[in-house]
There are 2 protein chains.
Amino acid sequence: MKIRSVLSAAVLAVATTLASTQAFAQETFTLKLAETWGPNFPIFGDTTKNFAERVEKMSDGRLKIRIDSANKHKSPLGVFDMVKAGQYDMGHSASYYWKGKVPNTLFFTSMPFGMNAIEQYAWFYHGGGMELMEEVYEPHNMLSFPGGNTGVQMGGWFREEIKSLDDLDGLKMRIPGFQGEVFAEVGVRPTNIAPGELYTALERNTIDAVEWVGPALDLRLGFQQIADYYYTGWHEPATELQFLINKKVWDKLPADLQEIMKVAMRTGSYDMLVHSQHANAEAWATIKEEYPNVQIKQFPKEIFQAMYDANKKLLKEAADEGEQAARIVKSQEEYLEQSRAYTDISERAYLNTMSEVE
Amino acid sequence: MKIRSVLSAAVLAVATTLASTQAFAQETFTLKLAETWGPNFPIFGDTTKNFAERVEKMSDGRLKIRIDSANKHKSPLGVFDMVKAGQYDMGHSASYYWKGKVPNTLFFTSMPFGMNAIEQYAWFYHGGGMELMEEVYEPHNMLSFPGGNTGVQMGGWFREEIKSLDDLDGLKMRIPGFQGEVFAEVGVRPTNIAPGELYTALERNTIDAVEWVGPALDLRLGFQQIADYYYTGWHEPATELQFLINKKVWDKLPADLQEIMKVAMRTGSYDMLVHSQHANAEAWATIKEEYPNVQIKQFPKEIFQAMYDANKKLLKEAADEGEQAARIVKSQEEYLEQSRAYTDISERAYLNTMSEVE
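Small disclaimer: the values here were computed from a predicted structure and weren't measured. (Residues numbered from 1 in each chain as written. Chains lettered and ligands numbered in written order. Predicted model: local features only at pLDDT ≥ 70, side-chain atom pairs only at ≥ 80, totals over all residues.)

> Hey, could you run me through the sheet that holds strand 11 (residues 295–297) of chain B in this one?
Strand pairs in the sheet, formed through backbone hydrogen bonds, run parallel or antiparallel to each other. Residues and elements named next belong to chain B. Pairing is mixed across the open sheet formed by 6 strands, whose spatial order is 7-6-8-5-9-11. Looking at strand neighbours, the two that pair on one side only are strand 7 (189–191) and strand 11, the edges of this open sheet. Summarising the sheet, strand 6 (residues 172–174) and strand 8 (residues 209–210) pair through 2 bridges and their orientation is parallel. Its bridge partner being in strand 8, Met 173 is matched across the sheet by Ala 209. (Pairing = 2+ DSSP bridges. Helix = DSSP H or I, 4+ residues; strand = E, 2+ residues; numbered from the N terminus.)

> Sorry if this is basic, but what is going on with helix 14 (residues 323–356) of chain B here?
Because each turn of an α-helix spans 3.6 residues, side chains separated by three or four positions end up pointing in the same direction. With 34 residues, helix 14 of chain B ought to run about 50 Å at 1.5 Å a step, and its terminal C-alpha atoms sit 46 Å apart, in line with that. Where helix 14 of chain B bends most, the angle comes to about 45°, and this point is B:Thr343. (Expected span 1.5 Å × (residues − 1). Bend = angle between axes of the 7 residues up to and from the residue.)

> Explanation requested: the nonpolar core in the structure shown.
Generally speaking, a soluble globular protein has its nonpolar side chains buried in company with each other. Core analysis: the biggest nonpolar cluster contains 190 residues, and A:Ile260, A:Ala264, B:Ile260 and B:Ala264 have the highest contact counts within it. In contact with B:Ala264, not counting residues within four places along its chain, are A:Val263, B:Phe51, B:Arg54, B:Val55 and B:Met58. (Core = buried A, V, L, I, M, F, W, Y, C linked by C-beta atoms within 7 Å. Buried ≥ 20, exposed ≤ 12 C-beta atoms within 10 Å, placed from the backbone. Contact = placed C-beta atoms within 7 Å.)

> Looking at this model, I keep getting lost on the environment of B:Ser59. Mind explaining?
Residues and elements named next belong to chain B. Of note, Ser 59 is situated in the loop between helix 2 (44–58) and strand 2 (63–68). It is 50 Å that separates the C-alpha atoms of Ser 59 and Asp 309, two residues lying 250 residues apart in sequence. Apart from residues no more than four positions distant in its own chain, Ser 59 is found in contact with Leu 257 and Ile 260.

> I would appreciate a short explanation of the packing of helix 11 (residues 255–290) of chain A against helix 5 (residues 117–126) of chain B in the present structure.
A packed helix pair is summarised by two numbers, namely the angle formed by the two axes and the spacing between the axes. With their axes 8 Å apart at the nearest point, helix 11 of chain A and helix 5 of chain B run at an angle of 85° to one another. With respect to helix 5 of chain B, the element helix 11 of chain A is oriented roughly perpendicular. Only B:Ile118, B:Glu119, B:Tyr121, B:Ala122, B:Tyr125 and B:His126 of helix 5 of chain B make contact with helix 11 of chain A, whose side of the interface consists of A:Leu273, A:Val274, A:His275, A:Gln277 and A:His278. (Axes fitted to C-alpha atoms, helices over the stretch in contact; angles between N-to-C directions. Parallel < 35°, antiparallel > 145°, perpendicular 65-115°, else oblique.)

> Just to check I follow, could you spell out the interface of chain A and chain B for this structure?
Frequently, the measure chosen for interface size is the accessible area that the parts lose on association. Of the residues lining the interface, 78 residues belong to chain A; the matching set on chain B comes to 77 residues. For the side of chain A that touches chain B, the elements supplying multiple residues, two or more each, are helix 1 (3–26), helix 2 (44–58), helix 5 (117–126), helix 11, helix 12 (301–320) and helix 13 (323–356) of chain A. With 19 residues, helix 11 of chain A is the single largest residue contributor to the side of chain A that touches chain B. When grouped by side-chain class, the residues that make up the side of chain A that touches chain B number 41 nonpolar, 24 polar and 13 charged. (Nonpolar A, V, L, I, M, F, W, Y, C, P; charged D, E, K, R; others polar.)

> I would appreciate a short explanation of the packing of helix 11 of chain A against helix 14 of chain B in the present structure.
Viewed as axis vectors pointing N to C, helix 11 of chain A and helix 14 of chain B meet at an angle of 90°, and their least axial separation amounts to 8 Å. One element, helix 11 of chain A, and the other, helix 14 of chain B, form an angle in the roughly perpendicular class. Counted together, A:Gln277, A:Asn280, A:Ala281, A:Glu282, A:Trp284 and A:Ala285 of helix 11 of chain A and B:Gln338, B:Ser339, B:Ala341 and B:Tyr342 of helix 14 of chain B form the full contact between these two elements. Taken together, the residues of the contact of helix 11 of chain A with helix 14 of chain B break down into 5 nonpolar, 4 polar and 1 charged.

> Looking at this structure, I do not really get the relation of the copies chain A and chain B. What am I missing?
Both copies of the chain are related by a screw-like operation: a rotation about an axis and a shift along it. Mapping chain A onto chain B calls for a rotation angle of 180° and an axial translation of 0.0 Å; the resulting RMSD is 0.0 Å. This pairing of chains is accounted for by a two-fold axis. (Least-squares fit on C-alpha atoms with pLDDT ≥ 70 in both.)

The structure is reproduced here in structure tokens:
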């Protein structure tokens, strides 16, 4: 063997080891995420942006998330199908949008007269909720994780005050999904209208009332200019968004990057609840100052009781549809009962005490 | 040059590059953490364990946290000094324990009649709270991050019912810190007693009442066996623990590990609030079932108003102590006012609605 060959062989052997070490250390992944929201949609969109930033920083650039908003993929309510098909690696949306395709996805966003945000997180993480969600999404080759909470959503903007059940009879209201079905049981005619047309529809009496989210997002749509009555919430007490991930993509990630994703999603979902609290409080202060016409109203007990009974009836019907639905409804009802008994003597008692001192 | 030397030099050069690459990829850190709690202390101790586990997984073993409980370091209330001196790299404790050393650390745990947990997180992350906490801890070469929230703490166990301010006059109660000072203003004689002696002190009437945390942690100490009246909370509506980190140690960590730490601490702190909700609800269900003697009570308005006024007076005195204290008190008061106006029309309204339907 010539000197040169010996040398080359030795260097090559070491260099190969080096190359594979470097390759391992630097292997990078880019996941494409489709979100249901338009570009720069406040709060919801901040959640995916912050998530992507944290994942990239924590992984030292080994894992990047490329976010496509609805303007880009043109399919806000196609996120489930696109992630399932592998057209996108992951999505950011809300589970109850898929009720028409997979009925039991309904239960993982927020239920009327259901758990508040902290109770619902406790159900997800300590009460079996995550396991039930996994069971529902697994046949579709996807994982679903909590993706950000709005807190209690407001009950909506009404142009006339609602004093009795009679006032709801035939009332046209923008309120979608299961929540709309509950309202329908007490006489409301629920409709769904694209966000961009809501203001005009309310102004021209195409609808009499509109439910959106809460002060921060409602303020931008301008309802406070044309409706005086802002009702407190009951129908979505803890709306949780979701991160959806294609299972094949997930399984390809090394364990450290999976953990980075998990922790970044979990923090991001909690963060959105906190961000919502901040932004809603700020927007509510603005509404109070600039729109003295706006009055906060609560439905009379007669209406709440009728809607509460309607909700129970619809949940019973849903549970009768199948064994899985029955288990989920039972799990949520039992968890809520136990959790709320404590919330009542802690959070609720405290907030009521504070409202009495001057 | 001999063949052997040429070969060796070449291999050595490549090997050195390899070694430094490997060293970079595998550089590991172990941080020693001192916690105020005893070994296996529920909920609080789970927070540090989960934090350590996540950090290690996310960093693929490059960052390890070694936790020493109080049994090991023997200095539960020495965490501040030990981390400051670099004897420990980090700590898990509560900011208000350091009030005697650095008065303005008081404000970063929970204040009587103050923000609830979500409002307080919003203040930390969107209302300037983190910046104020940094300002207070920086002169001590430490960083402080939120470290886990208990939610609203219960008002304590009383052996006799409290019907008026007169009943508080001379009443001996275990309640430490600033909260005890507020109680002292309305006639209570606050004392601090080691946890292991609390049950016996209450049983033998050395004290008439005891404040601890909430159902999950109270149940273990057995107060429900000897006190019938369990009062709702007002004095610690959102007790936030803290992670303390020595600044020199922090500065030595690469940016990706710093981000991993930050996100793991943030998730861990939120997680504790959710864990507390779950564990308290479970324990409260047990107390209700097994100890029918226990009654939930709320102080009459006269007492709350007197304590609310006493709290205002003490906060004013604290603010008069210096410019920094005045800024913190103002920041918290203004944030609470704006945030609570929204909490009242969302969370509080919803919980009250739910308490009315049957």
